[in-house]
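An overview of the molecular structure
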Amino acid sequence: MGAQAFFLAVFGLAAIGFGVAVFRTSSMVRSALALLFSQTAVGCMFLVMQTEFLGVLQIMMMATEMSIMAIFMVMFMMDPGGLGGMDMTHQKRFSIGAGVVAAGAAIAVALLADWGAVTAQAPDAAMQTRELGHELLGRSMLIFETAGVTILTAMIAATAVAIPVQNLASKDDKEVSQ
Amino acid sequence: MTAVLIVALVTGAILFGIGVYGALSQTNLVMIMMGVELVLAGALVNLVAFWRFLHPESYSGQMFVLVVMTVMAVEMAVGFGVAIARFRARGSVEMEEAEDLKG
């Protein structure tokens, strides 16, 4: 349990450090990479907590997600390399206050609540995957299916929103003039 | 014994706080999405810790983690769709320039 707490703290500090770096660097590509490392550290925390399937899933998902994010950063940012030293923040004091209050409240709950007895032994990895499969295709099947349909809907909606809108009026004018 | 749980919960809480700061302070749409991702990462850490240390016999906790991961993916897909539409229309994804969206 001592080693588990140690590695949990190490990966936790890495996740927090890279999380802070996301908003500290002026290079947007570095921000995306810092977020990737932060999310990977979170995945490693899952592995330390013996949830192997979710840990690997988190690392794989975030690696692809953040790579796409880095590409979007280069595409959309006015200064993706951060060489101009632009300040891209607003309402800083309010945001810091809100962040500190949110984190403080959550830490207070974590420290003050009575969590009861902690289970020392986790089910082994094969057992976990098997039981999660049973959960997904049994009791939680409706939730699982809803999540799948939601992702499909989001993909279609995102594509529909991203397709350029044709100016039908000017197209009609062109046809008339021809 | 509860020290391990506390370490995980405090990490989740700090990630949540950093995410809230990022989502509120950034002016760029993609950076705001990064803040939201950190908020959800904090929630994920808490959910896994609750499952592992308090209720490892019930797999609803892991199911909940998968639902939050779905929310992360959906947020990214819709966010990038909106970013592309906004960039096409105005040539920028700066939220300071999106005051016309106010009701």
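Everything numeric here is computed off the predicted structure, so don't read it as measured data.

Moving on to the UniProt feature "transmembrane region" (unreviewed entry) in chain B. In the numbering used here, UniProt assigns the "transmembrane region" (unreviewed entry) feature to residues 6–24, 31–51 and 63–85 of chain B. Secondary structure content for residues 6–24 of chain B is 100% helix and 0% strand, while the C-alpha to C-alpha distance between its ends is 27 Å.

Quick look at the packing of helix α1 (residues 2–25) of chain B against helix α2 (residues 29–53) of chain B now. Residues and elements named next belong to chain B. The contact between α1 and α2 brings their axes to 7 Å, and the two run at 165°. When the interaxial angle is binned, α1 and α2 end up roughly antiparallel. Every pair of crossing elements has a handedness; the one defined by α1 and α2 is left-handed.

All names here are of chain A. Using the criterion set out here, one finds two salt bridges over all chains in the structure. Notably, a salt bridge pairs R130 with E131, separated by 3.3 Å at the nearest N-O pair. Salt-bridge contacts for R139 lead to E135; the nearest nitrogen and oxygen are separated by 3.4 Å. Residue R139 is classed as exposed on the basis of its relative accessible area of 65%.

With that settled, the discussion passes to the layout of surface pockets. Considering only enclosed or pocket space, the largest pocket measures out at about 320 Å³ in volume. Around the largest pocket, the lining is made up of 17 residues, and of these F23(A), R24(A), T89(A), Y21(B) and Q26(B) lie nearest the centre. Where the lining of the largest pocket is concerned, the elements lending two or more residues are α1 (2–24) of chain A together with α1 of chain B. With five residues, α1(A) is the single largest residue contributor to the lining of the largest pocket. Here the lining of the largest pocket is built from residues that sort into nine nonpolar, five polar and three charged.

So, how was this worked out
Each chain carries its own residue numbering, running from 1 in the direction its sequence is written. Each chain takes a letter, starting from A, and each ligand takes a number, starting from 1, following the order in which they are written. With the structure being a predicted model, the display of local features is reserved for residues of pLDDT at least 70 and the display and counting of side-chain atom pairs for 80 or more, all residues being used for whole-chain, interface and lining totals. Excluding hydrogens and water, the side-chain values take into account all heavy atoms of the structure. UniProt positions are given in the numbering used here, feature names are shortened, and annotations may be inferred rather than shown by experiment. Secondary structure elements are defined from DSSP: runs of H or I of at least 4 residues count as helices, runs of E of at least 2 residues count as strands, and each element is numbered from the N terminus. For helices, the axis comes from a line fit to the C-alpha atoms of the stretch in contact; other axes are also lines fit to C-alpha atoms, and the angle between any two N-to-C directions lies between 0 and 180 degrees. Note on terminology: angles under 35 degrees are roughly parallel, angles over 145 are roughly antiparallel, angles of 65 to 115 are roughly perpendicular, and the others are oblique. When the near helix sits turned anticlockwise from the far one by under a right angle, the crossing is termed left-handed; a clockwise turn instead gives a right-handed crossing. A carboxyl oxygen of Asp or Glu within 4 Å of a side-chain nitrogen of Lys or Arg is what we treat as a salt bridge. Relative accessibility decides the category of a residue: with a 1.4 Å probe and only protein chains considered, values under 20% of the type maximum give buried, values over 50% give exposed, and everything between is partly exposed. Think of a 1 Å grid over just the protein atoms. A cavity is a set of points where a 1.4 Å probe fits yet cannot get out, a pocket is an open set with protein on both sides within 12 Å along at least five of seven lines, and lining residues have an atom within 4 Å of a point. Grid points are joined across faces, edges and corners, and a volume is the space filled by probe spheres set on the points. Here the term charged refers only to Asp, Glu, Lys and Arg, the term nonpolar to Ala, Val, Leu, Ile, Met, Phe, Trp, Tyr, Cys and Pro, and the term polar to all other amino acids, Gly among them.

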